[in-house]
Each structure stands twice: as structure tokens, then as C-alpha cells.
Amino acid sequence: YATWEKTYNEKFASMSLHEFAQSNYAHDNYLTRVLSNDLKNRITSDHLRVAKRIIRTKVLVGLLSEKEKTMARFEKRFGWKFKANVFKPGQQERCREQFLGTGVNINENLKSDEAEPGSPGYEAIVKLNAFDIDLYQYIENMFWEQENFFHAMVDYRLPSHSEANKQIQSTFLFPAPLDGFKDPWDPLVESDTPIFWHVLTNSDANSFQEIFGRCHRLTVAAKTGVLEGHNKDTELETYYLEGNPWHKFVNTDTTSLPGIKRAKDMGLVPSRIADVIVVNNIFDADILFDDLHQGRVFALFQHPVKREISRFEYLQRATQERDDILATMSVQEYARSNHARDNWLTRFLSKNSKDEIQHYDLRVARRIIREKVLVGLWERKDDTMDIFEKFFGWQYHINPDKQEKCRKRFLDHGSSVGRTQNKNKYEPESPEYELIAKLNVHDIDLYNYIVSLFREQKARLKVIPDNYRLDGATCCECDDPTTC
């Protein structure tokens, strides 16, 4: 009926919706096709995954079924306000209400019983657009997720609310975009560098770094790299620590901001000298990367209660990082003191170190984890290491038998350096557990989200054989040790 449109086709005028669906004129999964840039071939779940990623990372979404909320969101996000010096706000508000209420060029003939669920025409269109329907449901979820960033700002378009909303507006803006890091499901290319984000402070987490270096024989950039006077080096080089001929390091410290700046000046990432870069702060480490050299962040997470208790016990006993104030405290005393952390991970990711955590802080944290991090779980170390190996293509090439024994030793027993004794086991409902849990409600929520991401990412890697590290492994020590 839209005769005014350039795309008007008189052949459609006499067609029923069912006939249109069965004709060559009907689109199938149009939005999924456009976003995945494939208008001809058969659509698969891979196309849908690409479409979802683009929507998730690039689009502020609106819904026709939620026109008022959608328009209000656009106004808030882009700072659109009524111009009181041009038109009266009341006139502009009535104009807005008119178009949101009745729209433009509404034609009653478009309201057909054929378009009702269950009708032949409707069901025929549904059959053609299964992937687009899946994508739309994903968009609906994104709409309500994004709503949390805007709900605190009321009537933003009205001049009278300008100052009241000014402070609120600044609170939901995302922290640094981390443009140097790719989405976990972007294709891995040769110029990408694995970035191990050291989230856990307990020394047992170092066992993963030992597996990277000692077992897989990867060259690692970490704090250890500047020992033995290498902090004074002016050019990049790799070396083995005295007494450790298995673990090769780069002469940089990427766990501190000064060290990161030094590594950048020395050209660490473009040199491709490091197989893995270990960092404590992903926001600081973002400066190492550019459009041609991107980082792929992966990290190990632990339940927040166990993480905080483990950190507390570690700081009681660690040689270099020992805290004498904590040394004589019980867990309950620690939880009630000013030394205890609350929701550390959510605060770090949302850059809210002091204020009361809001729901949008948690949303920011979730978004960064989802869009920038390949996640692993301390509680599932074997599966986690398997995921990392599959994702980055790490296989044994020195001596598979020795390397596998090395891997098993560190996964089973961890690193012995400054190792927490774990004498105390605090179970849920114990006073110690409940006190720490009360401090970390938002981090527990975030951890549960990370667990769901872990399952999703593990499922996506099912196409790669289990024990990938052994699949096609070679043994240079067995053939010609001089080539190792």
C-alpha cells in the first residue's frame, strides 16, 4: 500500500502475506545476513554469532514495542535536549508525543489478521526468519540490559532537569574502552598477543604461569623479567634465570605501569618476542597495543569468598608481601576491619573505588568480561588450561611426556613459592564465609556470570579435540636435541 515509497511494487498489492512468504520476493533472515555480510549463502549459527557480536559491541538498541523508552534512551545517550530559545518546550513535547503515539504515514490497511501468530502467513514468515527471531530475542535482552545505564536519568530532554541529571550522566559512561584488546571470539591472527591478566593474588595462581613457561616452554613477559639486573637493559632480549633452564623470560616488567611504559618504549608487542604477557592491570596494559597489534586477554577467576580468604591467608604468610597487621588476625577479625576488600573485581572494572556500587557498575564489569576476556575458573583448573591451549593453539614440541608430567604437577600441586598453607577450610554458612560473602555480593553476582560465560566458551571449543596439546605433538629432544 505504500505507493509513495521508491521500493513500491504493484505485484505485492494483490498478494496475501502467505503468498508473499512463498514467493521469491520475501527476505529470509535479512538482519542476520546484513550484519554477517552474506546475502546469498545458507545462513548458519556462525552468521548469527557474528550478528550478535556486532549488535552487542557496536549498537545502542531500541525497540518499536518500547518507543517511549527507546526515544528517551537516545536523548540521554546523545545529549539531545529541547531548545527553549527556539521553541517552547511544551510544544516540542507535544510534537514528540504525537509522533511516538501515531507515527508517520500510518495506514490502517497494514493491520491484517494474516499477521497474527498462528495464521498461515505469520507462520510462513517465522519459518523464513528463524535466525532473525533468535537475534531479535537477543536484542530484546540487550535493550533491558542497556536500560540499567539510563534509568537514573529522568526527563533528560527537558531543560529544567539539565543540572539534576548532569552528575548522573557521568556515572554510567563506560570506563576506558580497552580498544587494544579484541573480543574473545574475533578470529585469532598471527599479530595477536596472549595477555594473561593476573586476577588472583594467591601464589597458587602462579602455577598457570609456570605451565606457560616451564611446561609449554613459552617465552613470558612478567615481573620476573627484570631480575638479575635486567631492569637496566636498553634493548629487548630473552634469558633464563640462573638455575632455571626451562623458563624463558623477556627483560621487561609488565605488571606495573612504569614497567609497561618501559616495555612500550622498547617495542615489546611489535617485536613478537613474548609468547605471553602477564599483567596485573588491563587498563594500564592497553597502551601496549594498537590497530595492527592487538591483545587477547585471558584470566583465571575464583569464587570471591575463596579468593578473599586465600588472599588474606597469603598476606599473612608471604615472605615479600607479608602484612604484619594481618598476621595475627582471624578471618572474622579481618572481615570486620578496614583491611578487608569489598567487591574488588566489580570496583576495578567499573573504576568505582569508593562510592556505593550501583547496578550499572555491575553491568560495566559484565560487559568488559564478556567482550574482552577469555575466562577460566580456578575451581576447574584442568578444563581451564585445556581451553587456553585450544584457543591459542598451544601444543607440545619439546618432549610431550615430560611436558605433560610438568603440566600435571603444577595443576595438582601449584607453585611452591610463598604458597598458602590452606589450613583453614571455610564452608558456606560458616561465620567466616558469610562475613566475606556479605562484603562481596556484587562480585559473587559477577562470578556467577563468569561461570556461565565459561560454560559457553567451553562449548564453543568442543569442535577442537580434547587434549589438543597432545594432538600432533612432536618431540625435538627425541629426534635432535640441538633443534630445541
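All figures in this text were calculated on a predicted structure; none of them were measured in a lab.

Colleague: How do you make sense of the overall build of the chain when you look at a structure like this?
Modeller: Check the secondary structure of the chain and you find 22 helices and 7 strands. In the chain, which comprises 484 residues, the share counted as buried stands at 46%. Long-range pairs, those at least 24 residues apart, make up 73% of the contacts in the chain between residues at least 6 apart in sequence. Roughly 26,600 Å² of accessible area belongs to the chain as shown, and the carbon and sulfur atoms make up 50% of that amount.

Colleague: Explanation requested: the nonpolar core in the structure shown.
Modeller: The nonpolar side chains of a soluble globular protein tend to be buried with one another. One finds Trp197, Phe212, Ile282, Phe301, Leu349 and Ile369 to be the most contacted residues of the largest nonpolar core, which totals 68 residues. Sorting elements by how many residues they give to this core places helix α21 (residues 441–460) first, with 7 residues. Judged by nonpolar contacts, the second largest core, of 17 residues, contains Leu315, Met329, Val331 and Ile444.

Colleague: Honestly, the environment of tryptophan 197 in this entry has me stumped. Any pointers?
Modeller: Relative to the assigned elements, tryptophan 197 resides in strand β1 (residues 193–197). Note on tryptophan 197: relative accessible area 0%, which makes it buried. C-alpha of tryptophan 197 to C-alpha of valine 278: the two residues are 81 residues apart in sequence and 6.0 Å apart in space. Side-chain polar atoms of tryptophan 197 contact the backbone oxygen of asparagine 280, separated by 3.3 Å.

Colleague: Teacher, can you tell me more about the confidence of the model for the chain here?
Modeller: Segments scoring low in pLDDT should not have their predicted coordinates read at a detailed level. Mean pLDDT over the chain stands at 85; residues scoring 70 or higher make up 85%. Element-level mean pLDDT values for the chain span from 45 in helix α8 (residues 162–171) up to 97 in β1. Here residues 417–422 is a poorly scored stretch, pLDDT under 50, and it has 13 contacts once near neighbours within four places are set aside; other chains count.

Colleague: How should I be thinking about the packing of aromatic side chains in this particular structure?
Modeller: To describe a pair of aromatic rings, one takes the distance between the centres and the angle between the planes. Counted under the stated rule, the structure contains 19 aromatic pairs. Between tryptophan 197 and phenylalanine 348, the aromatic rings sit 5.8 Å apart at their centres with planes inclined by 35°, giving tilted as the arrangement. Note that tryptophan 197 is positioned in strand β1 and phenylalanine 348 in helix α16 (residues 344–350), a separation of 151 residues in sequence. For the pair tryptophan 197 and phenylalanine 348, one class covers both residues: buried. Plain terms: the ring middles of phenylalanine 298 and tryptophan 394 are 6.0 Å apart, the flat faces sit at 70° to each other, and that makes the pair edge-to-face. Pair noted here: phenylalanine 298 is in strand β6 (residues 295–301) and tryptophan 394 is in the loop between α18 (381–392) and α19 (400–413), with a separation of 96 residues, a long-range link. The pair formed by phenylalanine 298 and tryptophan 394 is uniform in burial state, with each residue classed as buried.

Colleague: For this particular structure, what's the right way to read the pattern of salt bridges?
Modeller: Between side chains of opposite charge, a pair can form as their charged atoms come close. In this structure the tally under the stated criterion is 27 salt bridges. One salt bridge connects arginine 49 with aspartate 46, and the closest N-O pair in it is separated by 2.5 Å. Of this pair, arginine 49 and aspartate 46 both sit in helix α3 (residues 45–58), 3 residues apart, which is roughly one turn of that helix. According to the relative accessible area criterion, arginine 49 is partly exposed, its value standing at 34%. By relative accessible area, which is 44% here, aspartate 46 ends up partly exposed. For glutamate 404, the salt bridge goes to arginine 469, with nearest N and O atoms at 2.8 Å. With a gap of 65 residues between them, glutamate 404 in helix α19 and arginine 469 in the loop between α21 and α22 (476–479) connect regions that are remote in the sequence.

Colleague: Looking at this model, I keep getting lost on the pairing of strand β7 (residues 373–377). Mind explaining?
Modeller: One face of the sheet, then the other: side chains in a regular strand alternate in exactly this way. Of all 5 residues in β7, 5 are buried; the element is thus mostly enclosed. Side chains Val373, Val375 and Leu377 project from β7 onto one buried face, and the interleaved Leu374 and Gly376 project onto a second face that is buried too. As defined by bridge partners, β6 adjoins β7 across 5 bridges and the pair is classed as parallel. Following the sheet pairing, valine 297 is matched in β7 by valine 373.

About the cut-offs
- Residues numbered from 1 in each chain as written.
- Predicted model: local features only at pLDDT ≥ 70, side-chain atom pairs only at ≥ 80, totals over all residues.
- Heavy atoms only, no water.
- Helix = DSSP H or I, 4+ residues; strand = E, 2+ residues; numbered from the N terminus.
- Buried < 20%, exposed > 50% of the residue type's maximum accessible area, 1.4 Å probe, protein only.
- Contact = heavy atoms within 4.5 Å.
- Areas by Shrake-Rupley, 256 points an atom, 1.4 Å probe, with all protein chains shown as cover.
- Core = buried A, V, L, I, M, F, W, Y, C linked by side-chain atoms within 4.5 Å.
- Polar contact = N/O pair within 3.5 Å; in protein donor to acceptor, adjacent residues only side chain to side chain.
- pLDDT = per-residue confidence, 0-100.
- Phe/Tyr/Trp six-rings, centres within 6.5 Å; stacked < 30°, edge-to-face > 60°.
- Salt bridge = Lys/Arg side-chain N within 4 Å of Asp/Glu carboxyl O.
- Pairing = 2+ DSSP bridges.

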